[in-house]
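Residue-level listing of the chains:
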Amino acid sequence: MIPLEITPREVKERLDRGEKLRLVDVREPHEFQQAHIDGSELIPMRTVPQALSSLQAEEAPLVVFCHHGMRSLQVVSWLREQGIESCSSMQGGIDQWSREIDPAVPRYM
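The structure contained in this document is the topic of the report that follows. (Residues numbered from 1 in each chain as written. Predicted model: local features only at pLDDT ≥ 70, side-chain atom pairs only at ≥ 80, totals over all residues. Heavy atoms only, no water.)

On to the overall build of the chain, then. Summing up its helical and strand segments, the chain has five helices and five strands in all. Listing each helix as α and each strand as β along the chain from the N terminus yields β-α-β-α-β-α-β-α-β-α. Over its C-alpha atoms the chain spans a radius of gyration of 13 Å, differing by no more than 12% from the 13 Å that the globule rule assigns to 109 residues. Overall, the C-alpha framework of the chain stretches about 35 × 30 × 20 Å when taken along its three principal axes. In the chain, which comprises 109 residues, the share counted as buried stands at 47%. Summarising the internal contacts of the chain: among those between residues at least 6 apart in sequence, 66% fall at separations of at least 24. (Helix = DSSP H or I, 4+ residues; strand = E, 2+ residues; numbered from the N terminus. Rg over C-alpha atoms; globule rule 2.2 N^0.38 Å. Buried < 20%, exposed > 50% of the residue type's maximum accessible area, 1.4 Å probe, protein only. Contact = heavy atoms within 4.5 Å.)

Structure, rendered in structure tokens:
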């Protein structure tokens with residue numbers, strides 16, 4: 001079974017190996033404007049149910065993230081209840097990504 005959470009380092013390693021991952025940012029649009037990971041797609045948490053068919057159709061594993069990893073964990077739990085097993089929440093969210101992987105991604109409060 002795919003782990004519920006994945007570390008930013010694991011995400012980066014998989015991307016560096018050329019693995020196709022769908023990076024889903026579930027923060028709000030104003031947060032996305034402040035900082036985002038290149039190649040990520042904004043689907044605010046409240047709109048995830050409307051995006052379900054698109055997420056179900058995805059063949060690449062989903063990596064869901066938010067600011068610190070709490071919203072994304074809730075979204076991943078819900079997606080798994082909907083039958084999407086190939087999804088994980090990025091531990092620590094974009095904040096941990098900024099600290100450990102890409103300091104060019106701004107941190108915010």
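Still more ground to cover, so stick around.
Where charged atoms of side chains with opposite charge meet at close range, the side chains can pair. Evaluated as defined, the whole model comprises nine salt bridges. Arg-22 is the partner of Glu-41 in a salt bridge, and the nearest nitrogen-oxygen pair spans 2.7 Å. In this pair, Glu-41 sits in strand 3 (residues 41–42) while Arg-22 sits in strand 2 (residues 22–25), placing the two residues 19 residues apart along the sequence. Arg-22 sits in the buried class, given a relative accessible area of 9%. Notably, a salt bridge pairs Glu-28 with Arg-46, separated by 3.4 Å at the nearest N-O pair. Here Arg-46 lies in the loop between strand 3 and helix 3 (52–57) and Glu-28 lies in the loop between strand 2 and helix 2 (29–34), a separation of 18 residues in the sequence. (Salt bridge = Lys/Arg side-chain N within 4 Å of Asp/Glu carboxyl O.)

A separate point is the nonpolar core. Membership of the largest hydrophobic core comes to 15 residues, with the highest contact counts inside it found for Leu-55 and Leu-79. Of all the elements in the fold, those that place two or more residues in this core are helix 3, strand 4 (62–65) and helix 4 (70–81). When neighbours within four sequence positions are excluded, Leu-79 is seen to be in contact with Val-48, Leu-52, Leu-55, Leu-62, Val-64, Ile-84 and Cys-87. In this structure, Ala-35, Phe-65, Trp-97 and Tyr-108 belong to the second largest nonpolar core, which totals 14 residues. (Core = buried A, V, L, I, M, F, W, Y, C linked by side-chain atoms within 4.5 Å.)

Read from one edge of the open sheet, five strands run 1-5-4-2-3, paired in parallel fashion. Edge positions in the open sheet fall to strand 1 (5–6) and strand 3, since each of these has one partner strand only. As defined by bridge partners, strand 2 adjoins strand 4 across four bridges and the pair is classed as parallel. Bridge pairing links Leu-23 to Val-63 in strand 4. (Pairing = 2+ DSSP bridges.)

Where burial is concerned, the two faces of strand 5 (residues 87–90) agree: the one with Cys-87 and Ser-89 and the one with Ser-88 and Met-90 are both buried. For strand 4 and strand 5, the ladder comprises three bridges, and the chain directions are parallel. Bridge pairing in strand 5 places Leu-62 opposite Cys-87.

With respect to the helices, strands and loops of the structure, Ser-88 is situated in strand 5. A distance of 2.8 Å separates a polar side-chain atom of Ser-88 from the backbone oxygen of Pro-3. For Ser-88, the contacting residues outside a window of four places in its chain are Ile-2, Pro-3, Leu-4, Glu-5, Ile-6, Leu-62, Val-63, Val-64, Val-76 and Arg-80. (Polar contact = N/O pair within 3.5 Å; in protein donor to acceptor, adjacent residues only side chain to side chain.)

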